[in-house]
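Examining the three-dimensional arrangement
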Amino acid sequence: MSNSNSIFLLLILTLTLTLTLLLPTALTLSQPKPIQALLKHLDSKRASPSVQEAAAKAVLKRLLPQCYVSSFQFKIVPRDVCGGQSCFLISNYNSSSKNGPAIVIKGTTAVEIASGLYWYLKYWCGAHVSWDKTGGVQIASIPKPGSLPLVKDDGVMIQRPVPWNYYQNVVTSSYSYVWWDWERWEKEIDWMALHGVNLPLAFVGQEAIWQKVFMDFNISKDNLNDFFGGPAFLAWARMGNLHGWGGPLTQNWLDQQLALQKRILSRMLELGMTPVLPSFSGNIPAALKKISPSANITKLGNWNSVDAECRWSCTFLLDPSDPLFVEIGEAFIRRQVKEYGDVTDIYNCDTFNENSPPTNDPTYISLLGASVYKAMSKGDKDAVWLMQGWLFSSDSAYWKPPQMKALLHSVPFGKMIVLDLYADVKPIWKNSSHFYGTPYVWCMLHNFGGNIEMYGIFDAISSGPVDARVSKNSTMVGVGMCMEGIEQNPVVYELMSEMAFRSEKVQLLEWLKSYSHRRYGKAIHQVEAAWEILYHTIYNCSDVIEDHNTDFIVKFPDWDPSNTSSPLPQAHLWYSTQKVIKALRLLIDAGNNFAGSVTYRYDLVDLTRQVLSKLANQVYLDAVTAFQQKDSKALNLHSKEFIQLIKDIDILLASDDNFLLGTWLKSANKLAKNPHELKLYEWNARTQVTMWFDNTELIQSKLHDYANKFWSGLLEGYYLPRASTYFDYLLRSLREKENFKMEEWRKEWISFSNKWQLSQELYPVSAEGDALAISKALYEKYFGKKNWKKNKYHFETSGKRVLRFIL
């Protein structure tokens, strides 16, 4: 890019920032006195200014080359400098020295400083910072040291309109973080700081704490083996949905995770974050019922087990009204304080997550809520209960206004904060008078199961938090990102994280232009046009359907197409596929401008995958329609097309490191210390992304494909054999003029699935192939002017899976 173009782009970016980001201090809403008192108290727990400044400098050193470190000066300032709120300030360093700092960034915590650094890099330097699946950082388009752009003379101050930026879902620890070591966690915490996260969930290692607590209540380690879930299923064991599945945990795992948690908490504290720790929800080992027979313990019902089997579900819940509940809850909080120190006052508890109380009597519910809080406050007198509001959405038939009020008002005001978990789609605050006066966090849920699908609701993200905050009698105290799994749709999380510092709605088209310029390092009109299409299609879903990826390749329909009275299965589709195909063409056409750009490669692969997976959905329907019409020739043709699409998408995904099954399995194996753990961890890793929880010989798990992934290796090694077997049975049915043998297909497929989960074959851990060449070839093959069945384009793979495009 020429120097004049660079200056012009910087001017545009600076103008955009000035018009859409900066607001006078007077527009920031003040918080109720209990929240102000809580904030002041949490400030008193933070690390010293010198520790935080050093932590922010360390983030800088890990983010940018060493030559940039001296260009920045960081300083912690009190809230008074920011009008009593949290903020960051960016100014020029007033010195004539050429070797000294150029930019000064001040903030109320190290998180604010890191956020200020990130915003400066984005909006003044026009730089883009991207993270890959392993946490690796790529910086594009940053000016050289000594030529960093200056801000306006009097500097810039950007405040948080609400105090908190919350991060994580209680299941993210299983879907995404389960196999992480400290190296990967360090990168994630850096990402949190740069994106303004100051209220992160910190759930790692809690089983080691529970082991110590329950042993004090005379529960043995052997009893706990059937209580804790396996590594990849801990989230659901913690919530009382299941017990023992995927385990038992080894003592090495428990010790390893506890040590990891201590490092995680230490870094969070150095950066000025307030970690959210777990608390007691009433979920107990079965052995406690025998040890304390007079305790008020309920055996819960089946949770997603086939045939209502209780081997892995039907867990036990200690009633919060029982005195033993408070004893255990207090012991757990105190044990955490003993292990970690006095690091927080905010604790998560979801006693009623997908488990309704035994009665809808508001008085009873109020007593339950008071007991839950009592258990926390006995362990920490300043405790604040953070609760996911998912129950109000998932079980709305139970949680009517009287029941909601009873729970929300069961603790003193300011001692409960609710996560409006699904506010991007189904905001609870609108129909509950802002949770009936209870402080809440506006959250984006966005992702289920860690599925890989391009999806989002830009309009809701860019305006929803603002609407909630300025609404009459608002009690909103934060924004949050509560996805079940990460490492997908980076544009969505970039936009949502900015809402922590935005007081007005975002002008999305301008924002997307700026985003694409930074992300790819230059302004190309085809890219701008492509992103405008994506905004109005893929990223404008408004059908209020929970976006689990239901594409047929990764969530293969389990049904008998012989029953022609049943409607055909439908995958989720909320946009014009033709428009998105046009966006793909535009992105491909711009490809020669982005040689070596990892961000362009990722987006190109992801969009090509998205387009082809939707095409595969139609091909599948064509195949089963042919079966129903007893047209074996058409069935054979369409089934081969479907299988070929799986193979082609697998080759495409293999060209980018972010879409590999091998890295998931390798990270699991890396934690193993012996052959037993190696086998256990690999089984956990394979099972979670395929068919997890119980199955019988003829009945798939109810959670099969819940955590499906578009990963190279998984497509060809798992999804392809499933589809091939199914179509073979369909073809045999027509050939032999027999009914489709559904049970035989299920039996064969389930047996294959269970064997695959137990296997340990290796999958590639590094990308192969030219993503742009592959995408171009696939586009021509499936959407080119010539019909792909009539032209000579086809693919071959060598033993090393290198793509060859043959004409």
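What this report covers is the structure whose coordinates are included nearby. This is a predicted model, so every value here is computed, not measured.

Considerations on the overall build of the protein chain
Looking only at helices and strands, the protein chain features 28 helices and 21 strands. Scaling as 2.2 N^0.38, a compact globule of 807 residues should have a C-alpha radius of gyration of about 28 Å, and the protein chain matches this with 27 Å. For the protein chain, the C-alpha atoms occupy an extent of roughly 80 × 80 × 50 Å along the three principal directions. Long-range pairs, those at least 24 residues apart, make up 77% of the contacts in the protein chain with a sequence separation of at least 6. Carbon and sulfur atoms provide 52% of the accessible area of the protein chain, an area that totals close to 30,500 Å². With 83 positive and 79 negative side-chain charges, the protein chain shows a separation of 3 Å between the mean positions of the two kinds.

Brief notes about the sheet that holds strand β6 (residues 156-159)
Sheet strands pair via backbone hydrogen bonds, and the direction of the pair is either parallel or antiparallel. One open sheet holds the four strands; their spatial order is β1-β3-β2-β6, and the pairing between them is mixed. The sheet terminates laterally at β1 (72-76) and β6, the two strands that pair on one side only. Going from strand to strand, the sheet's axes swing by 15° on average, the running direction of each strand aside. Alignment of strand β2 (residues 87-92) against strand β3 (residues 103-107), held across five bridges, turns out to be antiparallel. Within β3, the residue paired with I90 across the bridge is I105.

Some remarks on the packing of aromatic side chains
Summed over all chains, the structure comprises 71 aromatic pairs. Ring centres of F556 and Y726 lie 4.9 Å apart, and the angle between their planes is 80°; this geometry places the pair in the edge-to-face category. One end of the pair, F556, is in the loop between α20 (525-536) and α21 (577-589); the other, Y726, is in helix α26 (residues 714-735), with 170 residues separating them in the sequence. Counting every residue linked through ring pairs, the aromatic cluster contains Y175, F233, W236, W245, W303, W312, W683, W692, F693 and Y706. Over the face of the ring belonging to F74 we find K57, whose NZ or CZ atom lies 5.1 Å from the ring centre. Cation over ring: R732 sits above Y729, and NZ or CZ is 4.6 Å from the ring centre.

Some points on helix α28 (residues 771-783)
Compared with the 18 Å implied by 1.5 Å per residue over 13 residues, the 17 Å span of α28 between its first and last C-alpha is a close match. The residue sitting at the N-terminus of α28 and contributing the capping side-chain oxygen is D770; that oxygen lies 3.0 Å from the backbone nitrogen of L772.

Digging into the packing of helix α17 (residues 458-470) against helix α18 (residues 490-498)
Two quantities define a packed helix pair, namely the angle between the helix axes and the distance between the axes. Put simply, α17 and α18 touch, their axes get as near as 10 Å, and they point 10° apart. Classed by the angle they form, the pair α17 and α18 counts as roughly parallel. Between α17, through F458, I461 and P465, and α18, the contact on the second element is made entirely by V491, V492, L495 and M496. Its residues assigned to classes, the contact of α17 with α18 comprises seven nonpolar, no polar and no charged.

A few points about the pairing of strand β16 (residues 440-444)
When you tally the buried positions in β16, you get five out of five residues, the bulk of the element. Neither face of β16 is left uncovered, since the one carrying Y440, W442 and M444 and the one carrying V441 and C443 both have all their residues buried. Relative to β16, strand β15 (residues 416-420) runs parallel, the two being bridged by three bridges. Each bridged residue has a counterpart across the sheet, and for D420 the counterpart in β16 is W442. Sheet analysis places β16 next to strand β17 (residues 476-481), joined by five bridges and oriented parallel. Across the sheet, the residue bridging to M444 is M481, located in β17. Taken together, β16, α17 and β17 form a β-α-β motif whose crossover is right-handed.

Quick notes on the nonpolar core
F392 and F642 are the most contacted members of the largest nonpolar core, which has 280 residues in total. Per-element tally for this core: the top contributor is helix α22 (residues 598-628), with 15 residues. When residues no more than four places from it in sequence are discounted, the contact partners of F642 are F552, I553, F556, A616, V619, Y620, A723 and F727.

Digging into the state of the cysteines
Applying the stated rule across the entire model yields two disulfides. A sulfur-sulfur distance of 1.9 Å marks the disulfide that ties C82 to C87. Between C82 and C87, the S-S dihedral sits near -50°, and the bridge is therefore left-handed. By relative accessible area, which is 0% here, C82 ends up buried. Across the disulfide, C310 is cross-linked to C314 (sulfur-sulfur distance 1.8 Å). Its S-S torsion of approximately -55° makes the covalent link between C310 and C314 left-handed. Taking relative accessible area as the criterion, C310 reaches 31% and is therefore assigned partly exposed. For the protein chain, the disulfide bridges join cysteines in the arrangement 1-2, 3-4, where the cysteines are counted in sequence order. No disulfide involves C443; its sulfur sits 3.4 Å from the nearest other cysteine sulfur, which is in C482. C443 sits in the buried class, given a relative accessible area of 0%.

With respect to a negative patch on the surface
A contiguous patch of negative charge, built from D728, E743, E744 and E748, is present on the exposed surface. Counting residues per element, the negative patch draws most heavily on helix α27 (residues 742-758), which supplies three residues.

So, how was this worked out
Here the residue index of a chain counts from 1 through its sequence in written order. Per-residue local features are limited, in this predicted model, to residues with pLDDT of at least 70; the limit for side-chain atom pairs, both in listing and counting, is 80 or more; totals at the level of whole chains, interfaces and linings are taken over all residues. Remark: hydrogens and water are excluded; side-chain values derive from all non-hydrogen atoms of the structure. To qualify as a helix, a DSSP run of H or I must reach at least 4 residues; to qualify as a strand, a run of E must reach at least 2; elements of each kind are numbered from the N terminus. Note that the radius of gyration is over C-alpha atoms, with the globule rule given as 2.2 Å times the number of residues to the power 0.38. Throughout, a residue-residue contact means that at least one pair of heavy atoms, one from each residue, lies within 4.5 Å. All accessible-area figures derive from a Shrake-Rupley calculation using a 1.4 Å probe, and residue coverage is judged against the displayed protein chains alone. Positive charges come from Lys and Arg, negative ones from Asp and Glu, while His and the chain ends are left out of the count. Each charge is placed at NZ for Lys, CZ for Arg, CG for Asp and CD for Glu. Strands are labelled as partners when DSSP assigns at least two bridges between them. In this analysis an axis means a line fitted to C-alpha atoms, helices contributing only their contacting stretch, and an angle means the value between N-to-C directions, from 0 to 180 degrees. Stacked, tilted and edge-to-face are the three classes applied to pairs of Phe, Tyr and Trp rings, where Trp contributes its six-membered ring and a pair requires centres within 6.5 Å; stacked means planes under 30 degrees apart, edge-to-face means over 60, and tilted covers the rest. Over a ring means this: the NZ of a Lys or the CZ of an Arg is within 6 Å of the ring centre and within 35 degrees of the ring normal. An expected span of 1.5 Å times one less than the residue number is assigned to each helix. Within 3.5 Å is the distance limit for a polar contact, defined as a pair of N or O atoms, with the added protein rule that one can donate a hydrogen and the other accept it, and that residues adjacent in sequence qualify only through two side-chain atoms. Each angle gets one of four labels, with under 35 degrees taken as roughly parallel, over 145 as roughly antiparallel, 65 to 115 as roughly perpendicular, and the rest as oblique. Throughout, the ten residues Ala, Val, Leu, Ile, Met, Phe, Trp, Tyr, Cys and Pro are labelled nonpolar, Asp, Glu, Lys and Arg are labelled charged, and all others, Gly among them, are labelled polar. Throughout, exposure labels follow a simple rule: accessible area from a 1.4 Å probe, protein chains only, divided by the maximum for the residue type, with under 20% read as buried, over 50% as exposed, and the rest as partly exposed. We call a crossover right-handed when, viewed with both strands directed away from the observer, the connection leading from the first strand over the helix to the second proceeds clockwise. The nonpolar core is taken to be a set of buried Ala, Val, Leu, Ile, Met, Phe, Trp, Tyr and Cys residues, with the residues joined through side-chain atoms within 4.5 Å. The criterion for a disulfide is a pair of cysteine sulfur atoms lying within 2.5 Å. A patch consists of residues exposed above 30% relative accessible area that lack any salt bridge, with like charges linked at up to 9 Å and nonpolar side chains (Val, Leu, Ile, Met, Phe, Trp, Tyr) linked at up to 5 Å. One speaks of a salt bridge when a side-chain nitrogen belonging to Lys or Arg is within 4 Å of a carboxyl oxygen belonging to Asp or Glu.

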